[in-house]
Amino acid sequence: RKVGIDPTESNIHSADVSDLRGGANNNNKDICNGVQAKEFSVPGVALSISPQALATLSMATCMSLHYLGYSLARPVTMTMFTSNRLGFGSSAVSAYPFAMTFISPVSFLLLLFYGGCLNRSGPYLALKQTTLSCAGVLGLSSLLLARLDPLLDTHPHLSTLTKYIVGVLFVFRESYVQLIT
């Protein structure tokens with residue numbers, strides 16, 4: 001029996017359709033949808049990896065590097081946010097609760113941005129664009145703060161600018177982590 005939009009013209013069998021959906025009981029694990037699976041060998045290592053295992057290993061490695069980057073950014077932004085020189089440590093009222101109120105709306109905006117990238121570019125380019133955008137925001141804000149920090153002694157009015165930058169960086173980092181977890 002043939003399955004498809006027009007059963008008289010389709011050459012897809014019901015076993016093939018259930019195989020595409022993951023429900024087929026295929027005894028030969030090396031053949032998927034009639035295509036012989038190729039094994040990849042890792043240079044310098046006596047190991048062959050199937051494409052699915054290589055994809056899984058790559059995703060796990062990239063996600064661990066992503067979390068490593070977050071783990072490195074978290075204490076730095078928290079320290080800057082609470083510092084007397086660059087952040088809000090010298091304020092009479094804690095700015096932490098105020099900053100936390102912005103995290104959910106900013107997370108929503110970041111999710112809309114990611115959805116737009118996903119619709120425009122597809123998953124591969126969306127991941128690439130958003131990862132580079134996140135790295136760019138963190139990198140540019142750190143470069144800007146590094147440039148402004150020595151000027152705070154001679155230009156005290158810049159302390160308000162650094163507080164805004166640190167506050168935005170703190171909210172961005174907290175919002176971004178909600179999306180990756």
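Look a little higher up for the structure.
Residues numbered from 1 in each chain as written. Predicted model: local features only at pLDDT ≥ 70, side-chain atom pairs only at ≥ 80, totals over all residues. Heavy atoms only, no water.

**Some thoughts on the overall build of the chain**
Quick reminder of the rule: Comment: elements are numbered from the N terminus, with helices defined as DSSP H or I runs of at least four residues and strands as E runs of at least two. Only protein chains enter the accessibility calculation, which uses a 1.4 Å probe; a residue is then buried when its area is under 20% of its type maximum, exposed when over 50%, and partly exposed in between. Contacts were defined at the residue level, with two residues in contact if any of their heavy atoms lie within 4.5 Å.
For the chain, the count of helices and strands is five helices and four strands. If you list the helices and strands of the chain from N to C, you get α-β-β-β-β-α-α-α-α. Residue burial in the chain is summarised as follows: out of 181 residues, 23% are buried. Excluding contacts between residues fewer than 6 apart, the proportion of contacts in the chain whose partners are at least 24 apart in sequence is 50%.

**Some remarks on the packing of aromatic side chains**
Aromatic ring pairs: the centre-centre distance and the angle between the two ring planes describe each pair. Which entries qualify depends on this criterion: Working definition: rings of Phe, Tyr and Trp (its six-membered ring) pair if their centres are within 6.5 Å, and the pair is stacked with planes under 30 degrees apart, edge-to-face with planes over 60 apart, and tilted otherwise.
Scanning the entire structure with this criterion turns up five aromatic pairs. For the ring pair F81 and F170, a centre distance of 4.3 Å and an interplane angle of 20° mean the geometry is stacked. Here F81, found in helix α2 (residues 51–82), pairs with F170, found in helix α5 (residues 158–180); they are 89 residues apart in sequence, far enough to count as distant. Like F170, F81 is buried. Site record: aromatic cluster; members linked through ring pairs are F81, F88, Y96 and F170.

**Some words on the layout of surface pockets**
Note the cut-off: Here a cavity denotes a set of grid points, spaced 1 Å apart and computed over the protein atoms alone, in which a 1.4 Å probe fits but from which it cannot get out, and a pocket denotes an open set meeting protein on both sides within 12 Å along at least five of seven lines; residues with an atom within 4 Å of a point are reported as lining. Grid points are joined across faces, edges and corners, and a volume is the space filled by probe spheres set on the points. Residues are grouped as follows: nonpolar covers Ala, Val, Leu, Ile, Met, Phe, Trp, Tyr, Cys and Pro; charged covers Asp, Glu, Lys and Arg; every other residue, Gly included, is treated as polar.
Taken as a whole, the largest pocket encloses approximately 690 Å³ of empty space. Taken together, 25 residues make up the lining of the largest pocket; nearest its centre are H66, L127, T130, T131 and Y176. It is helix α4 (residues 103–148) that contributes the most residues to the lining of the largest pocket, 14 residues altogether. Looking at the lining of the largest pocket residue by residue, the class counts come to 19 nonpolar, five polar and one charged.

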